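Here are the chains, one letter per residue:
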Amino acid sequence: MIRNHFKTAWRNLLKNKLFSLLNIFGLALGLAAALLLSLFIIQEHSFDRFTNREKIFRYIAHITYNGTNMLWAGVPNAIGPTVKENMPEVQRSARTLLNGFGDNASIRVGEDAFIESRLYWADPDIVEIFDLNLLHGNRKTALTEPNTILLSESKAKQYFGNENPLNKTVELDRNTTLKVTGVYADLPMTSTFDAELIGSFSTSGYSKNITWDNASFETWIMLRDPDDRKKVESYLPKMIEDHVGSEGTYYTLSLQPLADVHQYSTEINTYSNRKGDASQLLQLTYLAIALLLMAAINYMNLATARAQQRSKEVGVSKTLGARRKGLLSKFYAETAVLTFIAIGIGLALAVMGIPIFNALSGKTLTYDTLSHPIFWVGLPLLWLSLTLISGLYPALVLSSYTPLEALQKGKVTRAGSILFRRALVVLQFSASIVLIVGVVIMHRQMDFMSHRKLGYNPENVLAINLGSLNEQERDALRNRIGALAPTRSTVVSQAFPGKGESSHTLRKDDSDKQGAMFYANRVDGDIEEVLELKLLAGRMVKERVDSDTTQEGGWIFEMVLNKHAVDYLGLIPEEVIGKKPLAGIGDNTYVVGVVDNFNYASLHNPMGAYAFTNTPQRLRYLLVRFATGDLRTTLRQYEQAFKQVVPDAPFDYTFLDSHLESLYLADRQTASVLLAFSILAVFVGCLGLFGLAAFTAEKRTKEIGVRKVLGATVTSLVRLISLDFVKLVVVAFVIACPLSYWGFSRWLDNFAYRIDIQWWMFAAAGLAAVVIALLTVSFQAIKAAVANPVESLRDE
Amino acid sequence: MIKITELQKFYRTEEVETVALNNLSIHVKGGEFVAVMGPSGCGKSTLLNIVGLLDDLDNGSYLFNGIEVAKFNERKRSDLRKHNIGFVFQSFNLIDELTVFENVELPLIYTKVPAAERKKRVEEVLEKVQIMHRRNHFPQQLSGGQQQRVAVARAVVNKPKLILADEPTGNLDSNNGNEVMQLLTELNEAGTTIVMVTHSEHDARYADRIIRMLDGQVLMETVG
Ligand SMILES: Nc1ncnc2c1ncn2[C@@H]1O[C@H](COP(=O)(O)OP(=O)(O)OP(=O)(O)O)[C@@H](O)[C@H]1O
Ligand SMILES: [Mg+2]
């Protein structure tokens, strides 16, 4: 019986080629998208699957600083050893420090120089905590000595080819020689700890000075038993009190289990960029379910529409004695065959879509996830549930016809089923319109951000990383580059807008406990020329010279505030000059000038206070404003100049405008993912509409024939048929407007500087939906309208 | 009014070519009531469709009110048709989604008659076919005879000069059939030309003249 069902199902499928094709293709597309998202969701849930996962934790510092609360994964370097010493529950403990706090390291191997961003300094226990697979070297002693380093397998290949790197040396930042004591298998993409090089912690200068103050060291521990977490956590406040005293600590500590690290760290300041986002993941899950539902709706819609054509078949079967149950299983068998094929195609499409998904979203979905057992358990379940859901309505409708109803061809247009199908189309189009509105709004916002006046000009400015250069080399480089033809102006600085500033608190007076956070950037030279800032009063800071001392012999420093800072102090620019505001950057720092506000960070954040100083901070960048021209030649000239000054260091640079772009990368990625899925959703919706229109046109051939005989023109008939669908789209539009307004207002709230949602955005989306619907429907409408009425009116 | 000479009509399918009408000539004067009879498949409906400008012809000439319409395109045919010809079909062909009133109103909409005028004229003909009390019903809610009366009303509402009826009583019992024939006779007496296809000798007797067809040709004509 069942075999028989599948056989007739297969025949039916071949008989109605167009219908089957639309149905399978629509379903497959929706499935492909949903599968792709599920793969990503699965991958996100399989992060950090280390052997001792349950036992691994990291410290989190809860910092209250300048009245704001922050969470840092970095903690002082005294914490790890102290806790381990006092708590036998802690089996292993490893402090880690990302080299240069995020600045690139330069590694020399023989003649070659490499720029590395993922060099960590770590205690020896790191090997056991993350269960590193050592391909070379001794895991017991790998990181116990200073000046030793472990290479990931791929770095070892890159540096030494196929040679065994054990006991070879590499040079870091032109001043430290490191001996390779091991090679470990690359950590998977699904590891939060993303070290490509691990140096022994004892090598780092920051390991010498044990402090309770500098919270910069991400520290991982492994407990003997995960249940000991509470015990360890309760010890932490006591430890701080014992060692620092209850006054004066600006942090408290807690433990974060490794299982939470990937998904629940968006608010935490960490070294690793491999952060997931539980709420975004939830949104993607909804999107996957929505796409799946849309595909299922499509199926239902088309199948129900066709069910009426098949009423005769049902009528005959029923008069011949078929039972309802038999018919139900027959129609379900048909659905099962169809969904099976669709899942197959959908899976193939999803696999092909992986690189596209990665390119659009900036995620790194790997093919490995395909082999995840959940996926293969999920697929049959998906098939089953999809079959049940999408087969439900058509099967019920068809099998419920009484034989008489079914045999009266064309009479079985039940109001209920028509309404149901229309509701489905409305639902699909509402979703599509919401997505289209979203696409419009997101792209307007992106556009707005890239065209907004920032108060400085990030274009044609190069930031050269001075890394390991000493003062003489720095000056030599500056002179050389300053003399090159394309150079307009240069400045040496601690930071460029949005990268590298130090944060401090500006206070009006002693009673102003809260204060305002501001960023300080030490500059040596004409930053206002390089960044094209507007000076409102006074002058810029001078380069510091030895004569800048007070009578007591201490240094005198200068600072230039931005307008925002001056406003906070309640002064006007001219008044603030010569004053010494409470800024926490030295007692003898005078204001010498005021610049206009500029957006130093991304437009997500409001403009705040900013200061240029000449206080003693490390100068890390040479900023160069250059003339527009052939960028490649310019860059080559600069690189040559750099190599002439420091032949053995890599030329590491950033363009200010591309750095700025990178701040919006995530937003752009969200926008392009939305765009891709909108196109898909609209397309799937159109397939459904196309099928429905085909069905409607067929159902109405008699009516169309009669109208033609009575004198209707082709245009009036096309209008008649299409108008019905346009009405549905209009209803969808009415539903979609408030939904999308609500949803995307919230998205825009992420930006301090945002566009307003305007009526035309909805109008454009609505119009697009109408046009798309018309294009889809008109094909069928025209076909029906130009048909010869004699054919459709022939009496049977 | 209708002068058809040497008319030929073929149906070509992939395997065979059917000659539906073969060198057929007929002549219908204005105000006449003509019945067309003949065995199934002899080409009656085909002839009616051509006379009604629903279908084109392959050979021959067709003068409608003295105008050669054989080479008319769809648009011109449609214009001529909607002002001059009304149709009554065996299976009524009312539109299920429209009420009785709306069905009858349709031809007036297509000839752009103003709404007020439409209402007046629709009500007039509905009175005439005695279906006024059912004006807001849907076709499925009427009996076959009532449906065919509505179809007749729709055919005449535009005051056409010619009414073409293809087996108008084919789906009706004799009582209902007679009512419809009565209606057609009244219309004819009021001056409308009628061409009616029928299988019923009884119905054919209402006509002034009977054209008998066989295999796409006129076999003989009898005056009733
Ligand atoms: N669309 C068509 N394609 C092919 N052949 C057709 C087509 N329409 C009609 N015919 C053929 O043309 C011939 C005449 O058909 P027509 O419908 O005019 O017959 P009829 O006299 O009206 O018959 P009936 O009394 O059964 O209605 C028949 O042989 C029929 O098979
Ligand atoms: Mg016929």
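Conventions and cut-offs
- Position labels on residues start from 1 in each chain and follow its written sequence.
- Whichever chain is written first becomes A and whichever ligand is written first becomes 1, with later ones labelled in order.
- Side-chain atom pairs in this predicted model are given and counted only at pLDDT of 80 or more, local residue features only at pLDDT of at least 70, and totals for whole chains, interfaces and linings cover all residues.
- Hydrogens and waters are ignored; side-chain quantities use all the structure's heavy atoms.
- By definition, two strands form a pair when at least two bridges between them are found by DSSP.
- Numbering of helices and strands starts at the N terminus; helices are DSSP runs of H or I of at least 4 residues and strands are runs of E of at least 2.
- By definition, a salt bridge exists where a carboxyl oxygen of Asp or Glu is found within 4 Å of a side-chain nitrogen of Lys or Arg.
- Three exposure classes are used, based on accessible area relative to the maximum for each residue type with a 1.4 Å probe and protein chains only: buried under 20%, partly exposed in between, and exposed over 50%.
- Under this scheme, a helix contributes an axis fitted over its contacting stretch, all axes are lines through C-alpha atoms, and angles between N-to-C directions fall in the 0 to 180 degree range.
- Roughly parallel means an angle under 35 degrees; roughly antiparallel, over 145; roughly perpendicular, 65 to 115; everything else is oblique.
- Helix crossings are classified by the rotation of the near helix relative to the far one: an anticlockwise turn of less than a right angle makes the crossing left-handed, while a clockwise turn makes it right-handed.
- The contact criterion used is simple: two residues touch if any of their non-hydrogen atoms lie within 4.5 Å.
- All amino acids are sorted into three groups, where Ala, Val, Leu, Ile, Met, Phe, Trp, Tyr, Cys and Pro are nonpolar, Asp, Glu, Lys and Arg are charged, and the leftover types, Gly among them, are polar.
- Buried area is a sum: the accessible area each of two parts loses on coming together, probed at 1.4 Å, counted once for each and added.
- UniProt positions are given in the numbering used here, feature names are shortened, and annotations may be inferred rather than shown by experiment.
- Here a residue is near a molecule or strand as soon as one of its heavy atoms is found within 4 Å of it.
- Distance and chemistry together define a polar contact, namely a pair of N or O atoms within 3.5 Å, with one atom able to donate a hydrogen and the other to accept it when in protein, and with adjacent residues in sequence counting only for side-chain atoms on both sides.
- Per-residue and other accessible areas were derived by the Shrake-Rupley procedure at a 1.4 Å probe size, with only the shown protein chains allowed to occlude residues.
- The definition of a nonpolar core used throughout is a set of buried Ala, Val, Leu, Ile, Met, Phe, Trp, Tyr and Cys residues joined through side-chain atoms within 4.5 Å.

So, the pairing of strand S2 (residues 17–28) of chain B
Residues and elements named next belong to chain B.
No. 1: In the sheet, strand S1 (residues 2–12) pairs with S2 via eight bridges, with the strands oriented antiparallel. Across the sheet, residue Ile2 finds its bridge partner in S2, namely Val28.
No. 2: Hairpin connection between S1 and S2: a loop of four residues separates the two successive antiparallel strands.

Comments concerning the pattern of salt bridges
Residues and elements named next belong to chain A.
No. 1: Inspection of the entire model under this criterion finds 36 salt bridges over all chains.
No. 2: Its salt-bridge partner being Glu196, residue Lys155 comes within 4.0 Å of it at the nearest N-O pair. Pair noted here: Lys155 is in helix H5 (residues 153–160) and Glu196 is in the loop between strand S11 (176–184) and strand S12 (197–200), with a separation of 41 residues, a long-range link.
No. 3: Measuring nitrogen to oxygen at the nearest pair gives 2.7 Å for the salt bridge that ties Asp749 to Arg754.
No. 4: Residue class for Arg754 comes out partly exposed when judged on its relative accessible area of 27%.
No. 5: Each of the salt bridges in this network shares a partner with another, and the network as a whole consists of Lys84, Arg92 and Asp125.

Section: the packing of helix H3 (residues 100–110) of chain B against helix H5 (residues 144–156) of chain B
All names here are of chain B.
No. 1: Relative orientation of the contacting elements H3 and H5 amounts to 30°, with a least axis distance of 7 Å. As far as their axial angle goes, H5 and H3 are roughly parallel. Once H3 is placed against H5, the crossing between them reads as right-handed. Residues Val100, Asn103, Val104 and Pro107 of H3 form the contact with H5, whose own contacting residues are Val150, Ala153 and Arg154.
No. 2: Class assignment for the residues of the contact of H3 with H5 results in five nonpolar, one polar and one charged.

Remarks on the interface of chain A and chain B
No. 1: Of the residues lining the interface, 17 residues belong to chain A; the matching set on chain B comes to 22 residues.
No. 2: Carbon and sulfur atoms make up 55% of the area that chain A and chain B hide from each other, which totals about 1,800 Å².
No. 3: Viewed at the interface, chain B and chain A are joined by zero salt bridges.
No. 4: Mapped onto the side of chain A that touches chain B, the elements with two or more residues apiece are helix H21 (701–709) and helix H24 (789–793) of chain A.
No. 5: Partitioning the side of chain A that touches chain B into residue classes produces seven nonpolar, three polar and seven charged.

Things to note about the UniProt feature "domain: ABC transporter" (unreviewed entry) in chain B
No. 1: Per the UniProt entry, the sites bearing "domain: ABC transporter" (unreviewed entry) are residues 2–223 of chain B in this numbering.
No. 2: Secondary structure across residues 2–223 of chain B divides into 35% helix and 28% strand, with the first and last C-alpha atoms of the span separated by 17 Å.

Quick word on the sheet that holds strand S9 (residues 209–214) of chain B
Residues and elements named next belong to chain B.
No. 1: Strand order across the open sheet formed by six strands is S6-S7-S8-S3-S9-S10, with mixed pairing between neighbours. On the outer flanks of this sheet lie strand S6 (85–88) and strand S10 (217–223), each paired with one strand and no other. Direction aside, the axes of adjacent strands within the sheet are offset by 20° on average.
No. 2: Pairing geometry for strand S7 (residues 162–166) and strand S8 (residues 193–197), over five bridges, is parallel. Directly across from Asp166, in S8, lies its bridge partner Val197.

As for the sheet that holds S2 of chain B
Within a sheet, adjacent strands bond to each other through the backbone by hydrogen bonds, running parallel or antiparallel.
Residue and element names in this part refer to chain B.
No. 1: With antiparallel pairing, four strands are arranged side by side in an open sheet as S2-S1-S4-S5. Looking at the sheet topology across the chains shown, the edges are occupied by S2 and strand S5 (67–68).
No. 2: By the bridge criterion, five bridges tie S1 to strand S4 (residues 59–64) in an arrangement that is antiparallel. Following the sheet pairing, Gln8 is matched in S4 by Asn59.
No. 3: Along the sheet, helix H1 (residues 44–51) contacts S1, S2 and S4; its crossing angle with S1, the most-contacted strand, is approximately 120°.

A short note on the site of ligand 1
No. 1: Taken together, the neighbourhood of ligand 1 is formed by 14 residues, with Ser40, Gly41, Lys44, Ser45 and Thr46 of chain B sitting nearest.
No. 2: Proximal residues around ligand 1 fall on chains A and B, making this an inter-chain site.
No. 3: Take Cys42 of chain B: an N or O atom from its main chain is 3.3 Å from an oxygen atom of ligand 1.
No. 4: Take His199 of chain B: an N or O atom from its side chain is 3.1 Å from an oxygen atom of ligand 1.
No. 5: Coverage of ligand 1 by the protein amounts to 72% of the 630 Å² it exposes when considered alone.
No. 6: Of all elements in the fold, only S2 and H1 of chain B reach the threshold of two or more residues within the shell around ligand 1.

Details of the nonpolar core
Soluble globular proteins tend to pack their nonpolar side chains together in the buried interior.
No. 1: Counting residues in hydrophobic clusters, the biggest one holds 107 residues, and the most contacted among them are Phe612 and Leu623 of chain A.
No. 2: Here this core gets 14 residues from one element, more than from any other, and that element is helix H13 (residues 415–451) of chain A.
No. 3: Apart from residues no more than four positions distant in its own chain, Leu623 of chain A is found in contact with Val461, Leu462, Ala463, Ser489, Thr490, Val491, Ser493, Ala495, Phe496, Ile527 and Val530 of chain A.
No. 4: Listed in part, the 50 residues of the second largest apolar core include Val718 of chain A together with Val69, Phe89 and Leu106 of chain B.

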